[in-house]
Amino acid sequence: MPASDLDLLTEAARAAGAIARRFFRASPGIWHKPGGAGPVTEADLEVNRMLHAELGAARPGYGWLSEETPDDPARLGTERTFIIDPIDGTRAFIEGDTSFAHSLAVAEDGRITAAVVYLPMKDMLYAATVAGPATLNGTPIRASVKTGAEGATLLTAKPNLASEHWKDGTPPPFQRKFRASLAWRLCLVAEGRYDAMLTLRPSWEWDIAAGDLIARQAGATVTDRKGLPLRFNAADPRTAGVIAAPAPLWTTLRGALNA
């Protein structure tokens, strides 16, 4: 099933990209979600409608969890669940930045079994199943072999480096970099273009589900900020942050963080 699910997700991600390209830099309608939950655009909603219809028709027994769909607790009783972010990096999309992504995954018993992250404006499609390698446009990718923090690159937002998060008040000597899409950050670690990524805020499952599997299948260690494996399709679909890095760098990051 993971292989056929991957084919389905790949086709759906490319269809999502076709929709996003129509709206990109074309002044889409923008609304702001209540409670400071961020913006949503016409493109997010149209991609979500298409994915819900197409994936639901192809796998009617699967549950559904998406950033742009009201949560239905019925997903908790399904064997497999789609976990979808129609556009990860909506603010980047609004600003005309090409680094937004579509993030599509299937969860089974709390773990991701098939995953796709697609950046349509760059035509970069990352994919993985539990039974095969992580790939970028069909070519296998591997995480960095960097072993020390000195000179290593860390994808993270600046607030994560504040002194209160670190045992000695100072983070390890990584070079900080940033990309808007959490899904893409995980894939960039999988690709070895950057050495590690870190987010300390509670992370929505739809932002990280696909990237989790892709990074792990590329050889990275991926956990929450407490060092626990990520679990998905939870009643509260948030994780306690994310750390992703080759094992030696993961140990450095986790060891330096305050609990």
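Rules used in this analysis
Residues numbered from 1 in each chain as written. Predicted model: local features only at pLDDT ≥ 70, side-chain atom pairs only at ≥ 80, totals over all residues. Heavy atoms only, no water. Helix = DSSP H or I, 4+ residues; strand = E, 2+ residues; numbered from the N terminus. Contact = heavy atoms within 4.5 Å. Areas by Shrake-Rupley, 256 points an atom, 1.4 Å probe, with all protein chains shown as cover. Lys, Arg positive; Asp, Glu negative; His and termini not counted. Charge placed at Lys NZ, Arg CZ, Asp CG, Glu CD. Phe/Tyr/Trp six-rings, centres within 6.5 Å; stacked < 30°, edge-to-face > 60°. Buried < 20%, exposed > 50% of the residue type's maximum accessible area, 1.4 Å probe, protein only. 1 Å grid on protein atoms, 1.4 Å probe; cavity = no way out; pocket = protein on both sides within 12 Å on 5 of 7 lines; lining within 4 Å. Points joined across faces, edges and corners; volume = space filled by probe spheres on them. Nonpolar A, V, L, I, M, F, W, Y, C, P; charged D, E, K, R; others polar. Pairing = 2+ DSSP bridges. Axes fitted to C-alpha atoms, helices over the stretch in contact; angles between N-to-C directions. Core = buried A, V, L, I, M, F, W, Y, C linked by side-chain atoms within 4.5 Å. Salt bridge = Lys/Arg side-chain N within 4 Å of Asp/Glu carboxyl O. Polar contact = N/O pair within 3.5 Å; in protein donor to acceptor, adjacent residues only side chain to side chain.

Undergrad: Sorry if this is basic, but what is going on with the overall build of the protein chain here?
TA: Along the protein chain, the regular secondary structure elements total 6 helices and 16 strands. Each principal axis of the C-alpha atoms in the protein chain carries an extent, and together these give about 50 × 40 × 35 Å. In the protein chain, once contacts between residues fewer than 6 apart in sequence are set aside, the share between residues at least 24 apart is 61%. With an accessible surface of roughly 10800 Å², the protein chain has 53% of that area assigned to carbon and sulfur atoms. In the protein chain, the 28 positive side-chain charges and the 29 negative ones have mean positions that sit 6 Å from each other.

Undergrad: Looking at this structure, how should I read the packing of aromatic side chains?
TA: Two aromatic rings are characterised by how far apart their centres lie and by the angle between their planes. Tallying each qualifying case throughout the model produces 6 aromatic pairs. With a centroid separation of 6.2 Å and 65 degrees between ring planes, the pair formed by Trp 64 and Phe 82 is classed as edge-to-face. Here Trp 64, found in strand β3 (residues 63-66), pairs with Phe 82, found in strand β4 (residues 80-88); they are 18 residues apart in sequence, far enough to count as distant. Of the two residues examined, Trp 64 and Phe 82, each falls in the buried class. For the ring pair Trp 204 and Trp 206, a centre distance of 4.8 Å and an interplane angle of 5 degrees mean the geometry is stacked.

Undergrad: Mind showing me how you'd approach the layout of surface pockets here?
TA: Empty space among the atoms can be located by rolling a probe the size of a water molecule over them. Here the largest pocket defines a volume of roughly 880 Å³. Residue lining of the largest pocket: 30 residues in total, with Arg 91, Leu 182, Arg 201, Trp 204 and Asp 207 positioned closest to the centre. Put simply, the parts of the chain that give the lining of the largest pocket at least two residues each are β4, α3 (90-94), α4 (182-191), β13 (203-204) and α5 (205-217). Of the residues belonging to the lining of the largest pocket, the class tally is 12 nonpolar, 7 polar and 11 charged.

Undergrad: Explanation requested: the sheet that holds strand β7 (residues 124-129) in the structure shown.
TA: Across a sheet, paired strands are connected by hydrogen bonds in the backbone, their directions being either parallel or antiparallel. Read from one edge to the other, the open sheet built from 7 strands follows the order β3-β4-β5-β6-β7-β8-β9, with strand pairing classed as mixed. This sheet does not close on itself; its edge strands, each paired only once, are β3 and β9 (139-140). Direction of pairing for β4 relative to strand β5 (residues 101-108): antiparallel, over a ladder of 7 bridges. Counted as the bridge partner of Ile 84 is Leu 104 from β5. The sheet contacts of α5 involve β3, β4, β5, β6 (111-119) and β7, and relative to β6 the element is tilted by about 100 degrees.

Undergrad: It is not clear to me how the nonpolar core should be interpreted in this structure. Could you clarify?
TA: In summary, soluble globular proteins display a tendency toward joint burial of nonpolar side chains. Core analysis: the biggest nonpolar cluster contains 41 residues, and Ile 112, Val 117, Tyr 126 and Ile 214 have the highest contact counts within it. Secondary-structure elements contributing two or more residues to this core are β5, β6, β7, α4, α5 and β16 (242-245). With 8 residues, α4 is the single largest residue contributor to this core. Listed in part, the 29 residues of the second largest apolar core include Ile 19, Trp 64, Ile 84 and Phe 100.

Undergrad: What am I meant to see in the sheet that holds strand β11 (residues 175-177) here?
TA: Pairing within the open sheet is mixed, and its 5 strands lie in the order β11-β10-β12-β16-β14. Only two strands of the sheet have a single partner each, and these edge strands are β11 and β14 (221-223). Mean inter-strand twist for the sheet, computed between neighbouring axes without regard to direction, equals 20 degrees. Both strand β10 (residues 153-155) and strand β12 (residues 196-199) contribute to a ladder of 2 bridges, which runs parallel. Looking at the pairing, Leu 154 lines up with Ala 196 of β12. Taken strand by strand, helix α6 (residues 247-256) contacts β10, β12, β14 and β16, and its axis lies near 145 degrees from that of β16.

Undergrad: Honestly, the pattern of salt bridges in this entry has me stumped. Any pointers?
TA: Enumeration over the complete set of coordinates arrives at 9 salt bridges. Among the salt bridges present, the one from Arg 238 reaches Asp 236, with a minimum N-O distance of 2.9 Å. One salt-bridge network, in which partners are shared between bridges, spans Glu 79, Arg 80 and Glu 108.

Undergrad: How do you make sense of α4 when you look at a structure like this?
TA: In an α-helix there are 3.6 residues to a turn, and that puts residues three or four apart on one side. Burial analysis of α4 places 9 of its 10 residues in the buried class, the great majority of the element. Regarding α4, the residues found buried are Leu 182, Ala 183, Trp 184, Arg 185, Leu 186, Cys 187, Leu 188, Val 189 and Ala 190. You can read the cap of α4 off the contacts: a side-chain oxygen lies 3.3 Å from the backbone nitrogen of Ala 183, and it is on Ser 181. Just beyond α4, the residue with positive phi is Gly 192, at close to 80 degrees.

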